[in-house]
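Chain by chain, the residues:
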Amino acid sequence: MATRSKLVIGYSGSLAFYEGAYKSRRNGWKDWFWTYNHYSTDPATRSASFLFRAVSLLVKSGRIQKGDLLIDLWGNIAPDYIAQAAQLGISDFIRIDGYLSKEHSLKRGEECDVLFLPMESPTALGKPLFIPGKAFEYMQARKPILALSYDCDCVDVLKPSGLLTVFPPDKPDAIADWIESMIRDEAKRNSYKVDESYIARYSFRNITAQVAGVFDELLNRKGEH
């Protein structure tokens, strides 16, 4: 039977705050010669604002009440989010803290039901190729991942894990519906079919072994000459 209990969506790390559309800046002639650089993508969607707007829809429509949901952000979080939460009328659903000790940060992470992953957006100059280390940490945690992202390499890496739910950032209604479903049915939070063999490929031990193998091969080639 479906049950209703508090859903905790968490994120630790850095989140900047962007006023309106992000304006791409070029760094002279060098930008034209690099295959990829951070000016070719739009970082404005690597933000909690789109998640906040979805929560606002749920609150204003009366679909969730205080105690149903907590968006838990800690680390280098732009203080503007506190003002935005107040403006949207969702302060009761948001908790924002600075950096925590490793022990307390791990504890907060364990208390999360869902891990939040906002990503940069593509532009006419290219799509995000960067895969944050957080993506691999999330897989190892084996918790549902809510990514707000368009097509990118990071999404391609996470999909086979079985943990990923992804929405375009500009679809607040779809995001809100998913959040509500996770609140109303606690069993859904544990219904993800995790591909353990895939996740194991990205464990620290296996990645270290792969890197060591590459170095061994390079040294062997050098010894042959």
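Structure shown above.
Residues numbered from 1 in each chain as written. Predicted model: local features only at pLDDT ≥ 70, side-chain atom pairs only at ≥ 80, totals over all residues. Heavy atoms only, no water.

1. Quick word on the nonpolar core
Then step 1. Formed by 57 residues in total, the largest nonpolar core has its most connected members in I9, L51, F52, L69, I71 and I179.
Then step 2. Apart from residues no more than four positions distant in its own chain, I179 is found in contact with L7, I9, L51, L58 and L69. (Core = buried A, V, L, I, M, F, W, Y, C linked by side-chain atoms within 4.5 Å. Buried < 20%, exposed > 50% of the residue type's maximum accessible area, 1.4 Å probe, protein only. Contact = heavy atoms within 4.5 Å.)

2. Comments concerning the sheet that holds strand β1 (residues 7–15)
Hydrogen bonds along the backbone pair up the strands of a sheet, which may run parallel or antiparallel.
Then step 1. Strand order across the open sheet formed by 6 strands is β4-β3-β1-β5-β7-β8, with parallel pairing between neighbours. In this open sheet, the two edge strands, each paired with only one partner strand, are β4 (94–97) and β8 (164–167). Here the average twist between neighbouring strands, direction ignored, is 20 degrees.
Then step 2. Inspection of the sheet shows strand β7 (residues 145–148) paired to β8 by 4 bridges, in the parallel sense. In the strand pairing of β8, L146 is matched with T165. (Pairing = 2+ DSSP bridges. Helix = DSSP H or I, 4+ residues; strand = E, 2+ residues; numbered from the N terminus. Axes fitted to C-alpha atoms, helices over the stretch in contact; angles between N-to-C directions.)

3. A few points about helix α2 (residues 80–88)
Then step 1. All buried positions along α2 are accounted for by Y81, Q84, A85 and L88. Down the axis of α2, the buried side of the element spans an arc of 100 degrees, and every buried residue falls inside it. Along α2, the residues that are exposed and aim more than 90 degrees away from the buried face are A83 and Q87.
Then step 2. Next to the buried residues of α2 lie β1, α1 (49–60), β3 (69–77) and β4. (Arc of directions from axis to C-beta.)

4. So, the packing of aromatic side chains
Between two aromatic rings, the relevant description is the distance of the centres plus the angle of the planes.
Then step 1. The full count for this structure, using the stated rule, is 6 aromatic pairs.
Then step 2. Centre to centre, the rings of F17 and Y81 are 5.1 Å apart; their planes meet at 80 degrees, and the pair counts as edge-to-face. Of this pair, F17 sits in the loop between β1 and β2 (41–42) while Y81 sits in helix α2, and the two are 64 residues apart along the sequence.
Then step 3. Judged by its relative accessible area of 0%, Y81 is buried.
Then step 4. Joined through ring pairs, the aromatic side chains of F17, F52 and Y81 make up one cluster.
Then step 5. When the ring centre of F50 is taken as origin, the NZ or CZ atom of R53, which lies over that ring, is 5.0 Å away.
Then step 6. The cationic tip of K134 hangs over the ring face of Y11; the distance from NZ or CZ to the ring centre is 4.8 Å. (Phe/Tyr/Trp six-rings, centres within 6.5 Å; stacked < 30°, edge-to-face > 60°. Lys NZ or Arg CZ within 6 Å of the ring centre and 35° of its normal.)

5. Quick notes on the pattern of salt bridges
Then step 1. All chains considered together, the criterion is met by 8 salt bridges.
Then step 2. Two residues, D72 and R95, come together in a salt bridge whose shortest N-O distance is 2.8 Å. Residue D72 is found in strand β3, and its partner R95 is found in strand β4; the two are separated by 23 residues along the sequence.
Then step 3. For R95, a relative accessible area of 32% puts it in the partly exposed group.
Then step 4. In this structure, E196 engages R142 in a salt bridge whose closest nitrogen and oxygen atoms are separated by 2.9 Å. Of the two residues, E196 sits in helix α7 (residues 196–200) while R142 sits in the loop between α4 (133–141) and β7, which places them 54 residues apart along the sequence.
Then step 5. Exposure remark for E196: the relative accessible area of 41% places this residue in the partly exposed category.
Then step 6. On the accessibility criterion, R142 (35% relative accessible area) is partly exposed.
Then step 7. Through salt bridges with shared partners, a single network forms among R63, D177, E180 and R184. (Salt bridge = Lys/Arg side-chain N within 4 Å of Asp/Glu carboxyl O.)

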